[in-house]
Structure formats: C-alpha cells, structure tokens
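So you can see what is in the structure, the chains are spelled out below.
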Amino acid sequence: METKTVKWGIIGAGKIATKFAQDLSTIPDAKLYAIASINLEKAKKFGMEFNADVAYGNYGQLASDPKVDAVYIATPHSFHKEHTILCLKHDIPVLCEKPLAMNLEEVEAMIRLSKEKNTLLMEAMWTIFLPHFKYALDLLEKKHFGELKKLEADFGFKPEYDETSRLFNKSIGGGSLLDIGIYPIFAALSSLGNPDNIKANAEFFPTGVDSECHMTFQYKNAVANLKSTLKEETKTEAIFYCENGIIQINGRFHEPSSVTLIDSEGNQTLKTFDYKTIGYSYEIEHFSQLIREGRTKSNIMTFEKSRELISTLDLVRKQIGLVYK
Ligand SMILES: NC(=O)c1ccc[n+]([C@@H]2O[C@H](COP(=O)([O-])OP(=O)(O)OC[C@H]3O[C@@H](n4cnc5c(N)ncnc54)[C@H](OP(=O)(O)O)[C@@H]3O)[C@@H](O)[C@H]2O)c1
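Residues numbered from 1 in each chain as written. Predicted model: local features only at pLDDT ≥ 70, side-chain atom pairs only at ≥ 80, totals over all residues. Heavy atoms only, no water.

With that settled, consider helix 1 (residues 15–24). For helix 1, every residue scored as buried is listed here: Ala 17, Phe 20, Ala 21, Asp 23 and Leu 24. For helix 1, the buried positions fall inside an angular range of 160 degrees around the axis, keeping them on one side. (Buried < 20%, exposed > 50% of the residue type's maximum accessible area, 1.4 Å probe, protein only. Helix = DSSP H or I, 4+ residues; strand = E, 2+ residues; numbered from the N terminus. Arc of directions from axis to C-beta.)

Set out below in structure tokens:
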C-alpha cells in the first residue's frame, strides 16, 4: 500500500526552520510544501533552497491553504499561541516549537482549541524522540544502577549580546530559562517527575531577561541541580547519579549524542548511536505518522507533559521574578 506523503508548511523562516527543513528533506514520506515568512522575498529564497512548492509573504495565507497537511511553527515563543491558534482554526495539525507558549494559561487555551477542533497539536520537544535520550531514560526506569539519587544538568552558550535579537528581547520572550533552561528541566521531569519543592535564582541582562538561571528541584529521595546560561559555553550534560553507578548523557545532551555508563568500580562503557540527521527527523516522523493515522494527540509528547513543563517554567519564573509583558 502506498504511504501518503505528508505536506508540511513552515511558519517563520528563521534559524530553526532551516534545520527543520534540512531534516524534513531526508524523510521519504514527508515533504516541505509551503513556507511562510513576514517577508515574501525571504520566503521565496527559503522555498528555493528547500524545494517548497509555495512561498507565502504572510502566515495567514499558509494557514488558509487547504493543501497543507501539517504546520511547523518556528517563530519566537511569544507568538506560539497566536500562530498555533491561527492554524488550528483552519483545522491544520500543529507541531509548535518549545516552549509551547509563554505560560500555562496560554498552553491551556491551545490545548482546548486542539480538542474542540479535533486537530492534532504537539510541542516540538525533539529530545524525547532521540534514541540516546530514550536509552538513558529506559536504563533509569529499569533501575540499571539502582535508584536515581541526583541529577546534574546544564545548558549554556554565549551568543553575541544584541538587544534586538530574540534571545535578549523581553517583548518576544527572551532569556535563558525559556530557551535552553527548558531542557535541563525536561530531563528532571522525565527522570524524577514533578519536584516537591523548587528553589531558583537568576541573573539578568540589562533588557530584563535572565542571563543565567540556577535551579534546585527537591524530591523525597533525590535532588536535581539544573542550570541554564547565555553567558558561557557549558558542557551541556545530563548526569544521573544512581545508587550503584552513573548514567551520563554526554554533551550536548538535548541533541544527538552518546551515553557513558560508569559502574560502582569506575568501569566506563560508551554507548554511541548511529545518527544520520540533525535529530529533528525523529519528531517529524512521529508527527507525520500521527497525521496518517488520523490521531488528534501524541502518545509520546503528551499534553500532560507540555502542561508539566510549562507549569514548572512558570514556578521558576515566579521565584526569579521574571514577568513578561
Ligand atoms: N528545537 C530546537 O532545537 C530549537 C532550537 C532553536 C530554537 N528553537 C525554538 O524555535 C523558535 C524560533 O527560534 P529561532 O532560533 O529559529 O529564532 P529566529 O532565528 O529568530 O527565527 C524566528 C522567526 O520568527 C519570525 N518572526 C515573526 N515575528 C517575529 C519577531 N517579532 N521577531 C523575530 N522573529 C519573528 C521570523 O521569520 P520570518 O521573518 O520569516 O517571518 C524569524 O525568522 C523559538 O521558540 C525557540 O525556542 C528550538
């Protein structure tokens, strides 16, 4: 039986859209059908580069195109709700970049509409689909080295300071926490669940967004020490300290990487994975398959996971006093 080719549209022709389109081009049963940018010339250039059928100079035109089977939203965080709602209103399944929105209230509104319209919505938390991350979580679940006692996870890089760029601009959701702190938090929620208590502190850029955020998640029998920073390059590892050994997702843990197992005697085993794409192909394949099967939600990156993630980000923001708008 022939497999239906899923025709994708992308909203926002920025950095991550380019990587996504690269990986999309490696998947046989999915293709880039349309790209929409605020700037038509930019859309046309992007469309030429990735062989799209259509290039639109505004997002609404893409959302109104009945040939689009799925939309990937690649705009800054503060637009995720608006652009998701635009597409869901046109009954188009939405894969929306992380964080799904700016706060829980926005996420709930998006989930409500997805349910009302019976139309698929999923947060593009690509890490959950990556084999090395699943491998580490699987070992933890099986208690390969006994109970997990401590997680240490970081994510840091140092972009050039530019007040107009997305990462530093408060009006479009800048800061380290929402952009990269979300990954160490996701590692903690995926391995230890919701914490009993959160302690967080942050430093800020002159624009008012957090330059660095330190978080301690306290659990009954474990602790997670998490960090995000836009001030330095860090190893970006997730190290799980268990009773009888260590499971270390090597840097950068959120993207295709390897896992080192260290037993109680210090013996190390390196597990590598045969990655052939940037890593977005895994979420694209999952989402395309959900569409072919007519599903209205993901069984992997569930609404519950998105709710937990944004609720935790909301709690951390409250502690560090970071208010958007
Ligand atoms: N999963 C991942 O690995 C990953 C990595 C990086 C980023 N992300 C997520 O992807 C989203 C976009 O990040 P990015 O790094 O691709 O950002 P970016 O390079 O700045 O691109 C964002 C695009 O959004 C559109 N846009 C619409 N209104 C805008 C405004 N007022 N200011 C700036 N851009 C606006 C622009 O596209 P047009 O001009 O074409 O309309 C712009 O090119 C963020 O939510 C981020 O969290 C995910």
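Now that the structure has been shown, we can carry on.
Okay, the sheet that holds strand 4 (residues 70–73) next. The strand order across the open sheet formed by six strands is 3-2-1-4-5-6, and the pairing between neighbours is parallel. In the strand order of this sheet, the two ends are held by strand 3 (54–56) and strand 6 (121–123), each with one partner. Averaged over all pairs of adjacent strands, the angle between their axes in this sheet comes to 25 degrees, without regard to strand direction. Where strand 1 (residues 6–11) and strand 2 (residues 30–36) come together, six bridges link them in parallel fashion. Opposite Ile 11, over in strand 2, you have Ala 36 as the bridge partner. (Pairing = 2+ DSSP bridges. Axes fitted to C-alpha atoms, helices over the stretch in contact; angles between N-to-C directions.)

Looking at the assigned domains, one finds that the protein chain contains domain 1 (6–126) and domain 2 (131–278). Each of domain 1 and domain 2 has a C-alpha centre, and these two points are 27 Å apart. Residue-level contacts link 14 residues of domain 1 with 14 residues of domain 2. When domain 1 packs against domain 2, close to 1,300 Å² is buried across both sides, 69% of that on carbon and sulfur atoms. Sorting the residues of domain 1 by area buried against domain 2 places His 77, Met 125 and Trp 126 first, and these three jointly supply 43% of that buried surface. Linking domain 1 to domain 2 there are one salt bridge. Notably, a salt bridge pairs Asp 179 with Lys 98, separated by 4.0 Å at the nearest N-O pair. Connecting domain 1 to domain 2 are three residue pairs in polar contact (both at pLDDT 80 or more). Among the elements that take part in the side of domain 1 that touches domain 2, helix 1 stands out by supplying three residues, more than any other. (Domains from an automatic or database assignment. Contact = heavy atoms within 4.5 Å. Buried area = accessible area lost by both parts, 1.4 Å probe. Salt bridge = Lys/Arg side-chain N within 4 Å of Asp/Glu carboxyl O. Polar contact = N/O pair within 3.5 Å; in protein donor to acceptor, adjacent residues only side chain to side chain.)

Here we take up the packing of helix 5 (residues 104–117) against helix 9 (residues 303–320). At a minimum axis distance of 9 Å, the contact between helix 5 and helix 9 shows a crossing angle of 165 degrees. What the angle tells us is that helix 5 and helix 9 run roughly antiparallel. Seen along the crossing, helix 5 lies across helix 9 with a hand that is right-handed. Contact residues: Leu 104, Val 107, Glu 108, Ile 111, Ser 114 and Lys 115 in helix 5; Phe 303, Arg 307, Ile 310, Ser 311 and Asp 314 in helix 9. When its residues are assigned to classes, the contact of helix 5 with helix 9 shows five nonpolar, two polar and four charged. (Parallel < 35°, antiparallel > 145°, perpendicular 65-115°, else oblique. Left-handed = near helix turned anticlockwise from the far one by under 90°. Nonpolar A, V, L, I, M, F, W, Y, C, P; charged D, E, K, R; others polar.)

Here we take up the packing of aromatic side chains. Scanning the model with the defined rule gives 14 aromatic pairs in all. Between Tyr 135 and Phe 273, the ring centres sit 5.5 Å apart and the planes meet at 65 degrees, which makes this aromatic pair edge-to-face. Of this pair, Tyr 135 sits in helix 6 (residues 131–141) while Phe 273 sits in the loop between strand 14 (268–271) and helix 8 (281–292); the two residues are 138 residues apart in sequence, bridging distant segments of the chain. Residue classification places Tyr 135 among the partly exposed positions, given a relative accessible area of 23%. Ring centres of Tyr 161 and Phe 168 lie 4.9 Å apart, and the angle between their planes is 75 degrees; this geometry places the pair in the edge-to-face category. Since its relative accessible area comes to 36%, Tyr 161 is described here as partly exposed. Of the residues examined, Phe 168 reaches a relative accessible area of 1% and is grouped as buried. Members of the aromatic cluster, connected to one another through ring pairs, are Trp 8, Phe 20, Tyr 72 and Phe 287. Above the face of the Tyr 33 ring, Lys 7 is positioned so that its terminal group lies 5.5 Å from the ring centre. (Phe/Tyr/Trp six-rings, centres within 6.5 Å; stacked < 30°, edge-to-face > 60°. Lys NZ or Arg CZ within 6 Å of the ring centre and 35° of its normal.)

As a further point, take the sheet that holds strand 14. Taken together, eight strands build an open sheet; the order of strands is 8-9-10-7-11-12-13-14 and the sheet is mixed. Each of the sheet's edge strands pairs with one partner strand only, and the pair in question is strand 8 (197–204) and strand 14. Averaged over neighbouring strand pairs, the angle between their axes works out to 10 degrees when direction is ignored. Taken together, the seven bridges between strand 9 (residues 210–218) and strand 10 (residues 223–229) define a ladder with antiparallel strand orientation. Bridge pairing in strand 10 places Phe 217 opposite Ala 224. In this fold helix 6 packs onto strand 7 (148–156), strand 11 (238–242), strand 12 (245–249), strand 13 (259–263) and strand 14, with an angle of close to 160 degrees to the strand it touches most, strand 12.

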